[in-house]
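In case you want the letters, here they are:
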Amino acid sequence: MNVARTTRTTRTTRAVRLAAVALAGATAITLAPTAALAADAASGPPAATAGAAARVDLDPELRALVERGSSTAALAEARENGRRVWRGAAGVNDLDSRRPARADGRFRIGSVTKTFVSTVALQLVDEGKLRLDDPVERYLPGVVPNGGAISLRQLLNHTSGLSDYLDDPRFLFQDVPTLRSYVAQRRWTTWSTDQLIEVGVQRAPYFPPGQGWHYSNTNYVLIGEVIRKVTGHNWRTEVDRRIVTPLHLDDTVFAGTRTGIPGPHAHGYAQLPEGPADLTRINPSFGDAAGDGISTTADLNRFHAALFGGRLLSPARFAEMTTAVPAPMLGAHYGLGLIRYDLPCGEIWGHTGGIPGYNTIWLGSKDGTRQFSLSFNVPQGSETNDTFTTLNAFIEKASCGPAGATTKSATANSPLQFLR
C-alpha cells in the first residue's frame, strides 16, 4: 500500500525501481546488526541471472540496510528449487530492549496481500465462477459509478481509473502534525469495507476505464467484495482455504481489525522530531484486501514457488496473470496482482508492500525455481540516500548474483519512491 501521500519524480538505477514508504527525511538511525543465519549453503559459482539470490551470500547487504540504510531491523530469506539456501537477520527486535531481530519473525506485508487476493480471483475464473472481462457491475450492482464499463481485469491490473481511497487525508499521514494524530489516535480507527469503497468511488477517477495506469487500493478492496459475492465467504476465508492451508503457510494471517502481530516480530516505527514512534500495533482495517496481511519470509517464498511453479493456477490463468502492462508509477510492468521488474540479468516477478512501520520486497524468477523475500523496517521519515543505495544493492545481488550487482554510487541521488 502507498502510505505516503506525496508524488516524487522517478529516477532509478539500471536495476530496479523500488523504494521505501516514507515521509520527508529526518535523522537516520544506525543500529548494530545481529549475526546472520545461514542454512543449506549452495555450492558452485553464483549465476548472473534473475533469481540468483540462492547462490550468493547476502549477509553484507542485509547488514548495510541497518548500518547505513536506517532500518531498525531487516529479515530475509532466499530459496532455490524448494530449498532454503540463505537466511539472515540484522538489527534489533525493538529500540528499547535491543534484542537481536529474529530471521523467522513475522511482519506486515502490505500490498503483497494483493497477490494472494488476485490468485483466489483467478482460481474462481478457472472454476467458471468469474470472467475477467465481465464488468464489476455484474457482481456488485450499483456499487461503482460507471461500473458497467470497468472490468475485473482492469481492477486487477490497475487500469480501471478508480481513485485510491488512501488519497483521502482522513487516512494515515502526510506530515508531522498528521503523523502525531495518527500515532495518538487514528491508528486505532476501524474502517469497514463499505466505507473504503465509498471513499474510493466518490473521488474523481484518474482517467476513463482502460485509458491509463494508476495504482489504486480501491481496485483490490472491490475484488475482495467480488470474491465474497460469488463464494459466500469473505476474501480472507477463501485465501486461507485455497492458499494458506494447502501450502502450510502456518505463519501467514490476514489481520482484519486485530492490532497486534502474533508470534515473534520486530517492531515498526515512524520518525518524529523528538524520536521514533512505535507503530507496531495498528488497526490495519484500512488495508482490507489491498494490504492487511502478516507473514514471514519463509511463507512468502513458499507461496512464490507454488504460484510460479504452476501449483495454484492453470497455465491459461497464469499466462493472464503475467500479461503485464506498463506501470510508469513503479518504473515496471503490472500484471494481475504481480509486478514485473526488468533487470540487466533478466525479469523478476512478485510484489512490494508498504504499511506503517514495515516494508516488504517479494520477488523471484518466473519459472518458480528461485525467490527471495525481504522485510525491512525503516522508520518513516528517517530515510536517506543510503537507504536507496543499500536497498538496491540487496535487490541487485539477490536477483543477479555478484556479477550483476552494479549499484555502488549509482543510487546515491535516487529520490524516494513508494512501495505499493
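Attention in this report is confined to the structure presented alongside it.

## Considerations on the sheet that holds strand 2 (residues 83–91)
Read across the sheet, eight strands follow the order 2-1-13-12-11-10-9-8 without closing on themselves; strand pairing throughout is antiparallel. Since the sheet does not close on itself, it has two edges, and those belong to strand 2 and strand 8 (325–327), each with one partner. Averaged over all adjacent pairs, the angle separating strand axes in this sheet is 25°, with direction ignored. As paired strands, strand 11 (residues 346–355) and strand 12 (residues 358–364) are joined by seven bridges and run antiparallel to one another. From the neighbouring strand, Ile 355 faces strand 12, where its bridge partner is Tyr 358. Sitting on the sheet, helix 10 (residues 297–308) is in contact with strand 1 (73–80), strand 2, strand 11, strand 12 and strand 13 (370–376), with an inclination near 35° to strand 1.

## A word on the pattern of salt bridges
Under the defined criterion, the tally for this structure stands at 26 salt bridges. Across the salt bridge formed by Arg 84 and Glu 77, the nearest N and O atoms sit 2.8 Å from each other. On the basis of relative accessible area, Glu 77 is assigned to the buried category, the value being 1%. A salt bridge links Asp 299 to Arg 302; the nearest nitrogen and oxygen atoms lie 2.2 Å apart. Of the two residues, Asp 299 and Arg 302 both sit in helix 10, three residues apart, roughly one turn of that helix. Bridged by salt links that share partners, the residues Asp 126, Asp 133, Arg 153, Arg 317 and Glu 320 form one connected network.

## A look at the packing of aromatic side chains
Applying the stated rule across the entire model yields 13 aromatic pairs. Their ring planes at 55° and their centres at 6.4 Å tell us that Trp 86 and Phe 394 sit as a pair that is tilted. Taken together, the residues span a long stretch of sequence, with Trp 86 in strand 2 and Phe 394 in helix 12 (residues 385–400) at a distance of 308 residues. The pair Trp 86 / Phe 394 is uniform in exposure class, with both members buried. Taken together, the aromatic side chains of Phe 116, Trp 235, Phe 254, Phe 303 and Trp 362 make up a single cluster linked through ring pairs.

## Thoughts on unusual backbone geometry
Non-glycine residue Arg 98 carries a positive phi angle of around 55°. Note that Arg 98 resides in the loop between strand 2 and strand 3 (107–110).

## Overview of the sheet that holds strand 3
Pairing is antiparallel across the open sheet formed by three strands, whose spatial order is 3-7-4. Looking at which strands have only one partner, the edges of the open sheet turn out to be strand 3 and strand 4 (253–254). With two bridges connecting them, strand 4 and strand 7 (residues 293–295) associate as antiparallel partners. Across the sheet, residue Phe 254 finds its bridge partner in strand 7, namely Gly 293. Sitting on the sheet, helix 2 (residues 113–126) touches strand 3, strand 4 and strand 7, and the angle it makes with strand 3 is about 60°.

## Details of the environment of His 304
Topologically, His 304 is positioned in helix 10. In sequence terms His 304 and Lys 366 are 62 residues apart; their C-alpha atoms lie 9.4 Å from each other. Residues within four places of His 304 in sequence aside, it is in contact with Gly 309, Trp 349, Trp 362, Leu 363, Gly 364, Ser 365, Arg 370 and Gln 371. One polar contact links the side chain of His 304 to the main-chain carbonyl oxygen of Trp 349, over a distance of 3.0 Å.

## With respect to the state of the cysteines
Under the criterion given, the structure shown has one disulfide. Here Cys 345 is linked by a disulfide to Cys 400, with a sulfur-sulfur distance of 1.9 Å. Across the S-S bond of Cys 345 and Cys 400 the torsion is about -60°, and the bridge reads as left-handed. Of this pair, Cys 345 sits in the loop between strand 10 (339–343) and strand 11 while Cys 400 sits in helix 12, and the two are 55 residues apart along the sequence.

## Considerations on the side chain of Asp 299
Looking at Asp 299, the relative accessible area reads 1%, which means it is buried. Side-chain polar atoms of Asp 299 contact the backbone nitrogen of Asp 250, separated by 3.4 Å. Ignoring any residue separated from it by four or fewer positions in sequence, one finds Asp 299 in contact with His 248, Leu 249, Asp 250, Asp 251 and Thr 252.

## A closer look at the pairing of strand 13
In terms of burial, strand 13 is largely enclosed, as seven of its seven residues are buried. Burial along strand 13 is two-sided: the residues Arg 370, Phe 372, Leu 374 and Phe 376 and Gln 371, Ser 373 and Ser 375 are all buried. In this sheet, strand 13 lies alongside strand 1 in antiparallel orientation, the contact comprising seven bridges. In the sheet register, Glu 80 faces strand 13, and the bridge partner there is Arg 370.

Conventions and cut-offs
- Residues numbered from 1 in each chain as written.
- Predicted model: local features only at pLDDT ≥ 70, side-chain atom pairs only at ≥ 80, totals over all residues.
- Heavy atoms only, no water.
- Pairing = 2+ DSSP bridges.
- Helix = DSSP H or I, 4+ residues; strand = E, 2+ residues; numbered from the N terminus.
- Axes fitted to C-alpha atoms, helices over the stretch in contact; angles between N-to-C directions.
- Contact = heavy atoms within 4.5 Å.
- Salt bridge = Lys/Arg side-chain N within 4 Å of Asp/Glu carboxyl O.
- Buried < 20%, exposed > 50% of the residue type's maximum accessible area, 1.4 Å probe, protein only.
- Phe/Tyr/Trp six-rings, centres within 6.5 Å; stacked < 30°, edge-to-face > 60°.
- Polar contact = N/O pair within 3.5 Å; in protein donor to acceptor, adjacent residues only side chain to side chain.
- Disulfide = S-S within 2.5 Å.

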